[in-house]
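Here are the chains, one letter per residue:
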Amino acid sequence: MRKTSRNEEREVLETTINLCKEISWLASRSEQFIDLYDNFCKNNAEKDLIVSLIKRFRFLEDSEFSGAIEYLVEDIVTTPNLIDSETMVVSMTANESSDSGQFVLYYMKSFFEKYGWREHITVNTFGKSYRTYKKYKNARNIKNIVIIDEFIGTGSTALIRYNSIKKDFDNNGVPINIYIKTVATSCLGINFLKNAGINVSAQIILPQGITGFDNEKVKRINIKRMYKLEDYLSKSYGESLLPRMGYGQCQALYARENGNIPNNVFPVFWWPFKSNGVSRVPMFIRAMGDA
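What you see is a predicted model, and the numbers here were worked out from it, not measured in a lab. (Residues numbered from 1 in each chain as written. Predicted model: local features only at pLDDT ≥ 70, side-chain atom pairs only at ≥ 80, totals over all residues. Heavy atoms only, no water.)

(A) Quick look at the overall build of the chain. For the chain, the helix and strand inventory stands at 10 helices and 9 strands. Its C-alpha atoms give the chain principal-axis dimensions of about 75 × 35 × 35 Å. For the chain, with 291 residues in total, the buried portion stands at 50%. Contacts spanning at least 24 positions in sequence make up 68% of the contacts within the chain whose residues lie at least 6 apart. Within the structure as shown, the chain displays about 14400 Å² of accessible surface, and the carbon and sulfur contribution to it stands at 47%. Computing the positive centroid from 38 side-chain charges and the negative centroid from 33, the chain places the two 4 Å apart. (Helix = DSSP H or I, 4+ residues; strand = E, 2+ residues; numbered from the N terminus. Buried < 20%, exposed > 50% of the residue type's maximum accessible area, 1.4 Å probe, protein only. Contact = heavy atoms within 4.5 Å. Areas by Shrake-Rupley, 256 points an atom, 1.4 Å probe, with all protein chains shown as cover. Lys, Arg positive; Asp, Glu negative; His and termini not counted. Charge placed at Lys NZ, Arg CZ, Asp CG, Glu CD.)

The following block contains the structure:
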């Protein structure tokens, strides 16, 4: 840890206090913020960049996340031509491992009941979609699939899930309408999916944290600054490489209380290893088995 003068210590403390007054969720992460702000940042420009990104963060406390889930359900039940008895709601989850898509699917249950949706079918992994359809096809006239998730980054995984489900139904001659609906997405992800012709919607659409703001000159300078900050992090963990600027260069700034932060978020906020191999406690937590 580098030595700091009393004036520098005072500046760090004042910045942290002022930010905590402005951003309520930061108080519980103030020590981690100070480590990033004071030990990683080597000049005022880098400090200013971190502060600006913190201010742009979309952090959902539990009550806000609950509200977003209700709006997601409202989006589904008010979509024209979607009827509960003709619809399967499918998690984007790939396997039986715990996943935010399954968490969202479970969280939606009471809100579906609130809106009078009782006859829809839920599927906890996308690969079971066609098998579940076959199980119910004699009892239900299933016409629609709504794929749900908490967060979409680049959109590439969502497209793979969509195409896999579509292929299963197409290969068996079953016409099906497929929608993708999520709590949050990067602007890159939703634009990618819309350009692929997919009916997709999200409750929160996030601009890229650096290139979504400011003029071209400032963007280029801040990208270089972020790369310098990322140089203080280890380049890999096991077989997982450090996702510079966030996986897929998403530059995402999204997290929820007690959640597993997406790897599309700038890794300075969640990657727990320094370049010298020493562990750090980052501002947000991601299970590194998912890195």
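Anyway, onward from the coordinates.
(B) Molecular detail of the environment of phenylalanine 266. Structurally, the position occupied by phenylalanine 266 is in the segment after strand E9 (254-256). Judged by its relative accessible area of 0%, phenylalanine 266 falls in the buried class. Residues phenylalanine 266 and arginine 244 lie 22 residues apart in sequence; the distance between their C-alpha atoms is 7.0 Å. In contact with phenylalanine 266, other than residues within four places in its own chain, are Leu53, Gly209, Ile210, Met226, Glu230, Met245, Gly246, Gln251, Ala252 and Leu253.

(C) Up close: the sheet that holds strand E4 (residues 144-152). Spatially, the 5 strands line up as an open sheet ordered E3-E2-E4-E5-E6, and their pairing is parallel. Each edge of the open sheet carries a strand with a single partner, namely strand E3 (121-123) and strand E6 (199-206). Between one strand and the next, the sheet's axes are offset by a mean angle of 15 degrees, whatever the strand orientation. As paired strands, strand E2 (residues 87-91) and E4 are joined by 5 bridges and run parallel to one another. Among the inter-strand pairings, methionine 88 is bridged to a residue of E4, identified as isoleucine 145. (Pairing = 2+ DSSP bridges. Axes fitted to C-alpha atoms, helices over the stretch in contact; angles between N-to-C directions.)

(D) Structural detail: the packing of helix H4 (residues 62-77) against helix H5 (residues 100-107). At a minimum axis distance of 10 Å, the contact between H4 and H5 shows a crossing angle of 75 degrees. As summarised for this structure, H4 and H5 are arranged roughly perpendicular, according to the angle between their axes. Across the interface between the two elements, Asp62, Phe65, Ser66, Ile69 and Leu72 of H4 pack against Phe103, Val104 and Tyr107 of H5. (Parallel < 35°, antiparallel > 145°, perpendicular 65-115°, else oblique.)

(E) Spotlight on the pairing of E6. In terms of strand pairing, strand E5 (residues 177-186) meets E6 through 7 bridges, oriented parallel. Its bridge partner lying in E6, serine 186 is registered against leucine 206. Handedness of the E5-helix H9 (residues 187-195)-E6 crossover: right-handed. (Right-handed = clockwise from strand over helix to strand, strands pointing away.)

(F) Main features of the pattern of salt bridges. Tallied over the entire structure, the rule returns 12 salt bridges. Across the salt bridge formed by glutamate 113 and arginine 118, the nearest N and O atoms sit 2.8 Å from each other. With a closest N to O distance of 2.5 Å, arginine 244 and aspartate 231 form a salt bridge. Separated by 13 residues along the polypeptide, arginine 244 in the loop between strand E8 (240-241) and E9 and aspartate 231 in the loop between helix H10 (216-230) and strand E7 (236-237) bring together distant segments of the chain. Its relative accessible area of 38% is what places aspartate 231 among the partly exposed residues. Residues joined in a network through salt bridges with shared partners are Glu230, Asp231 and Arg244. (Salt bridge = Lys/Arg side-chain N within 4 Å of Asp/Glu carboxyl O.)

(G) The packing of aromatic side chains, seen in detail. All told, the structure shown has 19 aromatic pairs when counted by the stated rule. Clustering of aromatic rings is evident, with ring pairs tying together Trp25, Phe57, Phe59, Phe269 and Phe284. Its end group placed over the ring of tyrosine 232, lysine 42 keeps NZ or CZ at 5.0 Å from the ring centre. If you follow arginine 56 out to its NZ or CZ, it ends over the ring of phenylalanine 213, 4.0 Å from the centre. (Phe/Tyr/Trp six-rings, centres within 6.5 Å; stacked < 30°, edge-to-face > 60°. Lys NZ or Arg CZ within 6 Å of the ring centre and 35° of its normal.)

(H) Spotlight on the side chain of asparagine 222. The topology assignment puts asparagine 222 in helix H10. Classification of asparagine 222 as buried rests on a relative accessible area of 9%. Looking at asparagine 222, its side chain comes within polar contact range of the side chain of arginine 225, at 3.0 Å. Residues within four places of asparagine 222 in sequence aside, it is in contact with Leu49, Ile210 and Asp214. (Polar contact = N/O pair within 3.5 Å; in protein donor to acceptor, adjacent residues only side chain to side chain.)

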